[in-house]
Amino acid sequence: MTVILINPNSTEAMTRTMLDVARRTAPGTVFDAWTSHHGPAAIQGAADGDAATPPLLDLIRRADATGASGIVIGCFDDTALKTAARLASCPVIGLGQAAFHACALRGWRFSVVTTLPVSVPIIEGNIARYGLSGALGRVRASGVPVLDLETDPAKAIDAILAEAKAALQDDDITAIVLGCAGMASLSPRLRAALSAPVIDVVEAAAGAISWLASAPHGRI
């Protein structure tokens, strides 16, 4: 049985990065990764999420029809997650969902460092819907566009690190959640530079879906 990670944006490099991280995190699980070639190049805000939804849901249906044992929506905004979970007969989870609940299970109060300010209301809304607002310090925007995480990682990491350090100083938190799938390749350097747990959302989702996909109640 295979877990399929679906990238709702059309950037193949991000798909490859997520697949590599998932396979390293859960080597006992078979992962495949698909790219939504009809989605936007990056998902930054509600308009991009809306544009990404129809082709994403088409891929959800296709993944379910192949007999996937689990599906991960590879976007921190958890794009169309509620609808996708209703469509599929296997577990479907989102990156943000997995990361927030990982913090909750550890009893960690967390802040999110994401990309652009346009994403902040979406993330705050998701955390509220999951019932975890009480564990949130703040959702912070680093000002780094999603695609810059691929094209200029050196510049991106400086901005993300500065925001993470401000969060640890000011937000009364225990952990930092990296608020974009594209930050996965930066997590080792951020962990080395910070004195608190740093949650890589792809790692969190890979670990969670591995258990869900292997449980007896996986597909229905």
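First, a word on what this report is: a plain description of the structure on this page. The model shown is predicted, which means the values in this text are computed figures rather than measured ones.

1. Details of the overall build of the protein chain
Alright, step 1. Each helix and strand counted, the protein chain has 9 helices and 8 strands in total.
Alright, step 2. In summary, the protein chain has a C-alpha radius of gyration of 16 Å against a globular reference of 17 Å for 220 residues, a match within 12%.
Alright, step 3. Taking all 220 residues of the protein chain together, 56% fall into the buried category.
Alright, step 4. The contacts in the protein chain between residues at least 6 apart in sequence include a share of 69% that link residues at least 24 apart.
Alright, step 5. Working note: accessible area of the protein chain is about 9,200 Å², and carbon and sulfur atoms make up 54% of it.
Alright, step 6. Side-chain charges in the protein chain split into 17 positive and 20 negative, and the spacing between the mean points of these groups amounts to 4 Å.

2. Side note on the nonpolar core
Alright, step 1. Counting 60 residues, the largest nonpolar core has Phe100, Phe110, Val112, Ile127, Ile160 and Val177 as the members making the most contacts within it.
Alright, step 2. Looking at this core, the element that brings in the most residues is helix H9 (residues 201-214), giving 7 residues.
Alright, step 3. Setting aside chain neighbours within four positions, we find isoleucine 127 in contact with Phe100, Phe110, Val112, Leu132, Ser133, Leu136 and Val139.
Alright, step 4. Residues Ile6, Ile73, Ala88 and Cys90 belong to the second largest nonpolar core, which totals 16 residues.

3. Topic: the state of the cysteines
Alright, step 1. Within this structure, the stated rule accounts for 0 disulfides.
Alright, step 2. Lacking any disulfide linkage, cysteine 90 is separated from the closest cysteine sulfur, that of cysteine 75, by 18 Å.
Alright, step 3. Taking the relative accessible area as the measure of exposure, cysteine 90 reaches 5% and is therefore buried.
Alright, step 4. Lacking any disulfide linkage, cysteine 103 is separated from the closest cysteine sulfur, that of cysteine 180, by 17 Å.

4. A short note on the environment of leucine 149
Alright, step 1. Within the element layout of this structure, leucine 149 appears in helix H6 (residues 148-151).
Alright, step 2. Setting aside residues up to four positions removed in sequence, leucine 149 forms contacts with Thr115, Val144, Ala156, Ile160, Cys180, Gly182, Met183 and Leu186.

5. Examining the side chain of serine 69
Alright, step 1. Its location among the elements puts serine 69 in the loop between helix H2 (46-65) and strand E3 (70-73).
Alright, step 2. The contact partners of serine 69, leaving out residues within four places of it in the chain, are Met1, Thr2, Val3, Cys90, Pro91 and Ala213.

6. Some words on the pattern of salt bridges
Alright, step 1. A full pass over the atoms with the stated rule returns 5 salt bridges.
Alright, step 2. As a salt-bridge pair, arginine 140 and glutamate 163 come within 2.7 Å of each other at their nearest N and O atoms. Of the two residues, arginine 140 is situated in strand E6 (residues 136-141) and glutamate 163 in helix H7 (residues 153-170); the sequence distance between them amounts to 23 residues.
Alright, step 3. Among the residues examined, arginine 140 registers a relative accessible area of 5% and is labelled buried.
Alright, step 4. With its nearest N and O atoms 2.7 Å apart, the salt bridge here joins arginine 191 to glutamate 203. With arginine 191 in helix H8 (residues 187-193) and glutamate 203 in helix H9, the pair connects residues that are 12 residues apart, well separated along the chain.
Alright, step 5. Note on arginine 191: relative accessible area 32%, which makes it partly exposed.
Alright, step 6. Among the residues examined, glutamate 203 registers a relative accessible area of 24% and is labelled partly exposed.
Alright, step 7. Among the ionic contacts, a cluster of salt bridges with common partners joins Arg140, Glu163 and Asp171.

7. A word on the environment of threonine 174
Alright, step 1. Its location among the elements puts threonine 174 in the loop between H7 and strand E7 (175-179).
Alright, step 2. For the pair formed by threonine 174 and glycine 125, sequence separation is 49 residues and the distance between their alpha carbons is 21 Å.
Alright, step 3. Setting aside anything within four residues of it in sequence, one finds threonine 174 in contact with Trp108, Arg109, Ala196 and Pro197.

Parameters and conventions
- Residues numbered from 1 in each chain as written.
- Predicted model: local features only at pLDDT ≥ 70, side-chain atom pairs only at ≥ 80, totals over all residues.
- Heavy atoms only, no water.
- Helix = DSSP H or I, 4+ residues; strand = E, 2+ residues; numbered from the N terminus.
- Rg over C-alpha atoms; globule rule 2.2 N^0.38 Å.
- Buried < 20%, exposed > 50% of the residue type's maximum accessible area, 1.4 Å probe, protein only.
- Contact = heavy atoms within 4.5 Å.
- Areas by Shrake-Rupley, 256 points an atom, 1.4 Å probe, with all protein chains shown as cover.
- Lys, Arg positive; Asp, Glu negative; His and termini not counted.
- Charge placed at Lys NZ, Arg CZ, Asp CG, Glu CD.
- Core = buried A, V, L, I, M, F, W, Y, C linked by side-chain atoms within 4.5 Å.
- Disulfide = S-S within 2.5 Å.
- Salt bridge = Lys/Arg side-chain N within 4 Å of Asp/Glu carboxyl O.

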